[in-house]
Each structure stands twice: as C-alpha cells, then as structure tokens.
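# Architecture at a glance
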Amino acid sequence: MPFAQAVRGRAPGGREQQMVLRQDLPPQRSGAADRTPVAEPGPPPEAAPRALAPARLLPWLARLGVPAAAFAVFQTLLGILPQNLAGEAARYCVAATAGAGVGTVVWLAAALLRARAAAASAVPPPAPAPAPVPAPAGSLPELVDGTYQALRRGLTVIEVPGRGPLTGWPHSLAESEPPVHPTAFGTAYGLHLLLDIAPCDGRIRAGEVAETLWRLRLPGGGWAARSQGSGARPEVSAIVLGALARAGADPRLLEAEIRSCEVLWDPDHDASGLANTYVVTNVLRGLLRAAPGAAALGGLREVLVNGATADPARDHHRCWGAALATGHGNPAPSAVHTARAVVALDRAARVLGEDERQRAVREEGLRWLLTGPAAPGGGASDLLNCQEEVRRPVQEDPLHQELLSVRHFAAAWVARALMTDGARQVAAEEVGLPVWEAQLTAAVARVHGMQQGGVWRWDDGPMGHPVWMAYQGLSVLRRYALMVYRP
C-alpha cells in the first residue's frame, strides 16, 4: 500500500480524516518479564536544592560588588555568632575578617570576568574559507579559453566524396557558416593552436584533425594553399609536416612524405619561391620540426644567411627584406622579414649548431631590430602589419603566374625575435637592457591589443580572423608569460 494511503483512514460516516499515529512504548524493565516494572524517572522535586556551578557563581558574585558582599557577610555573621564568644570584641573581629575575605573573593571574581571579556574581544573572528578566485578579465587563462571557443565555432566537419570525413578549418575562423571546405594551411595552423592550448576536453580531437591533413594531401604528394594551383608548394608542405610531427604522426609516414617532397626544397625546382624570405623561413621552421636531420636544412640555412643585406640607415647592420639579396626582387629592409629570419636561424642554431659567420649574421639581425623605432617613445613603424604578394610561374603554363597574397603579423614576429635566446645578451652588449625591455613590451602590448576574447582580428571581413594570426598571437603571449614569470 502506498505510504500516503497507509497514513490516511476514513471516519465511520465515510468522511476522510487524517489519523494521528502514536507509538506506545512499554515500560522499561530491568530484568526478566516476571519482575516488577521499574518506574519511569520523573522530573526532580521543586524543592530539590541545586548546586551552583562555578560558571554561574562568578557572575553572581561579581554583580554584588566588593563592599556590598563584604558588608553582607559581616552583618550575617554578626547576627548568628553566639553572644558569649569571648566578648563582644571577638565577635566583631570574626565577622570583620570573614567579610574582608569574601570581599577579596568577589574582587578576584570581577577581575577574572573582566580579563575573560578582554581576551574574547582581542581574538579576531575566524576568517571565512577562501573562495576559488576566478580568472580576472583579460587574463591569459581567460584568453586561452576564448581562443578554444573560437576554434570550436570555426571548426568545419564535412564529408567529401573520395576523401571521406574532413575535420579542420578554412583560412579564417569567420568562414564556418555555411560549412566550407577545410584547407591545408588553415587546418595546419589550427592543429598547432590546438596543441598549444591543450584543452581538457575532447570536443576537438587532434587525431581527427591530423587525419584530415593526410586526406588533404595532393595526389602527387605535398600540400598547397587554396589559392595556389594543383602542384605542391614548399612553404605549405613544410608547415603541414611540422604540425603533423607535433601531433605525433608516424615517423615512417613523415619520412616517406619528406622524401617525396625533397624536390620542393631544391632552389632549382622553385627558383622564384625559394628566393623569397617568407618561403625560405617557412620551409626552414617546418622541416626543423618534422625532420631535424634532413639533409636540406643546411642548404636552406645558407640560402637565408646569404640573403641578408646591410642597411646604411641602421649602422650597416645586416637585415632581410621580402626578397633575399641573392634573388632579383626588392631586398629593401623590413622588420617583419628580419624578425622571421632571426627566429628561423635561432631554431636552426639550437638544432644544428652554428659557426661564427652564421652566428654573426643572426646577431646582426637582432641589432638591426634593436636600433629600430619600436620603443614607445620613438614610434612603432616596425610593428605595423604589412602584406606582400609572392608570384610564381604556373607549373603547367609558364606564361601565367600564380599569385599568393601573404599577410604578416609584424608585432608578433618582432616579439618572437626579441624573445629568442640570444636577444637579451645582444641587447646587453649593444643598446642596453632597458631598450630591449621597452621594445619587447611595446611589441607584446600591440599583440595583445589586436585580439578580443582570444580572437585576433585583421579586419572585419569574412577573412578577417585568420587562424594563423590566432596561433601567432597566442604563442607570443604564452612565451612572454613564461619568460617574465618568477616563482
């Protein structure tokens, strides 16, 4: 029977009424069933004397006051002492002595109460348990969370006939509605960004993204950007291979793919591309991640070192422009290209080592950046974003040219160059550490200022939130936070 029905009955006339359930307990017995029941204890008699607890006696005595208590005892004893107690003087003496003793006790009781009250007021109330402190607005953890949410919103998951399911990103985080085809370039940088964030959940699985990069591989091997032709390009292939290596791809698959792409790193195969600073630095950084023992690395570094040019405007320090000095383009000094070259040469030095000439060229690139106007008081021309076009003849039709539009996040590259291992030492020997700190702080501040909620914005168009820009911006802020942290 349900509980609600079990506690409800009906009156004899059929009217439903609430029943009161009582439980009568049998009287408590001290032994066997045939013994006399023990009476239940009742309340104590009204006249039963109570012992006065010390905790109640002290306030009672204190309220009497010292003179009043002493006089009361004196008068009481004087009235009850016998008249023949060695004369009237002895009777008064005993009463006075008792009164003085009681007065002393009362005084001590009052002093004790005052001491307890003072001690209680001096003890501060217990502090409440500290609540978890939320991340302050604009903090790095909050920014990282915003970047991850943007990656989730921009993720494209589609089924492509002949390639299977693809999980990745197009060029921009703002291109996800309606779902568009993931690109090799956007997905590679999205994978880099995901590995940097290292989220605690599996809503974006790095393995699925890495598998998508393999499915985006061109039939002849390698990868290309969306705006390029059907042939693989070295700068995109190296970036993808570097992302796959970071994600833990099978080294045997990577080695086989690198062998199939070896012709891409040959300047004779892509003379116009490998005469460009952007292309060479991309290839060098990507191969250092994917194949640090590749034979092509030494030659690529020499191409970059030989492509530096002296700048009379900055103490003839060597630097880099959009085109390498060994090519036929414009080698006009550029802060973003110099920073890209310094970062690539710094990574090569850590993996391959370097000789005196290579180190001198790398350090001159740092000196060129440190003598620039990137400090807050001297302008920020080195930190302005810029754009270039990389032109190549189309492989299938040399009479036509392939055009790749490249945008450079200048502040991020300058900050990364100023945070390389040798930058601080070069600054201490040349311009001084305050100049280095001022330029680095200005570059990092500009990087931080170009994001909102963890999303970096180039402009407000559909291509205005590039995935690569989010990766570069977040990696700079993470590196800077680690560099300035002191335990």
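So, here's what we can say about the structure. (Residues numbered from 1 in each chain as written. Predicted model: local features only at pLDDT ≥ 70, side-chain atom pairs only at ≥ 80, totals over all residues. Heavy atoms only, no water.)

## Here we look at unusual backbone geometry
Rule in force here: Per the convention used, a helix needs a DSSP run of H or I reaching at least four residues, while a strand needs a run of E reaching at least two, with both numbered from the N terminus.
Even without being a glycine, alanine 198 presents a positive backbone phi close to 50 degrees. Its location among the elements puts alanine 198 in the loop between α6 (184-197) and α7 (206-215).

## Some words on the nonpolar core
Note the following rule: Grouping buried Ala, Val, Leu, Ile, Met, Phe, Trp, Tyr and Cys residues that are joined through side-chain atoms within 4.5 Å yields what is termed a nonpolar core. Relative accessible area decides the class of each residue, using a 1.4 Å probe on protein chains only: under 20% of the type maximum gives buried, over 50% gives exposed, and in between gives partly exposed. Between two residues, a contact is recorded if the distance between any of their heavy atoms is within 4.5 Å.
Ranked by internal contacts, the top residues of the largest apolar core, which has 107 residues, are Trp265, Leu304, Phe409 and Trp456. When near neighbours in sequence (up to four residues on either side) are disregarded, tryptophan 265 contacts Pro234, Ser237, Ala238, Leu241, Ile258, Leu274, Val283, Leu287, Ala296 and Leu300.

## Here we look at the environment of valine 361
By secondary structure assignment, the location of valine 361 is in helix α13 (residues 356-370). A residue is classified by how much of its surface remains accessible, and valine 361, at 0% relative accessible area, is buried. Spatially, the C-alpha atoms of valine 361 and leucine 345 are 9.2 Å apart, while their sequence positions differ by 16 residues. Each residue touching valine 361, except ones within four places of it in the same chain, is listed here: Val305, Ala308, Arg318 and Trp320.

## Focus on the pattern of salt bridges
Short version of the rule: A pair is scored as a salt bridge if a Lys or Arg side-chain nitrogen falls within 4 Å of a carboxyl oxygen belonging to Asp or Glu.
Tallied over the full model, the rule gives 22 salt bridges. Note that aspartate 196 and arginine 246 form a salt bridge whose closest N and O atoms lie 2.9 Å from each other. One end of the pair, aspartate 196, is in helix α6; the other, arginine 246, is in helix α8 (residues 234-246), and 50 residues separate them in sequence. For aspartate 196, a relative accessible area of 14% gives the class buried. Looking at arginine 246, the relative accessible area reads 31%, which means it is partly exposed. The closest approach of N and O atoms between aspartate 270 and arginine 392, which form a salt bridge, is 3.0 Å.

## Re α13
Our working definition: Take the residue count of a helix, subtract one, and multiply by 1.5 Å to get its expected span. Any pair of nitrogen or oxygen atoms within 3.5 Å is treated as a polar contact; in protein, a donor-acceptor pairing is required on top of that, and neighbouring residues in sequence qualify only through side-chain atoms on both sides.
The first and last C-alpha atoms of α13 sit 21 Å apart over 15 residues, in line with the 21 Å expected at 1.5 Å per residue. For α13, the buried fraction is high: 11 of the 15 residues fall into the buried class. For α13, the side-chain oxygen to backbone nitrogen distance between the N-cap and arginine 357 is 3.2 Å, and the N-cap itself is aspartate 355.

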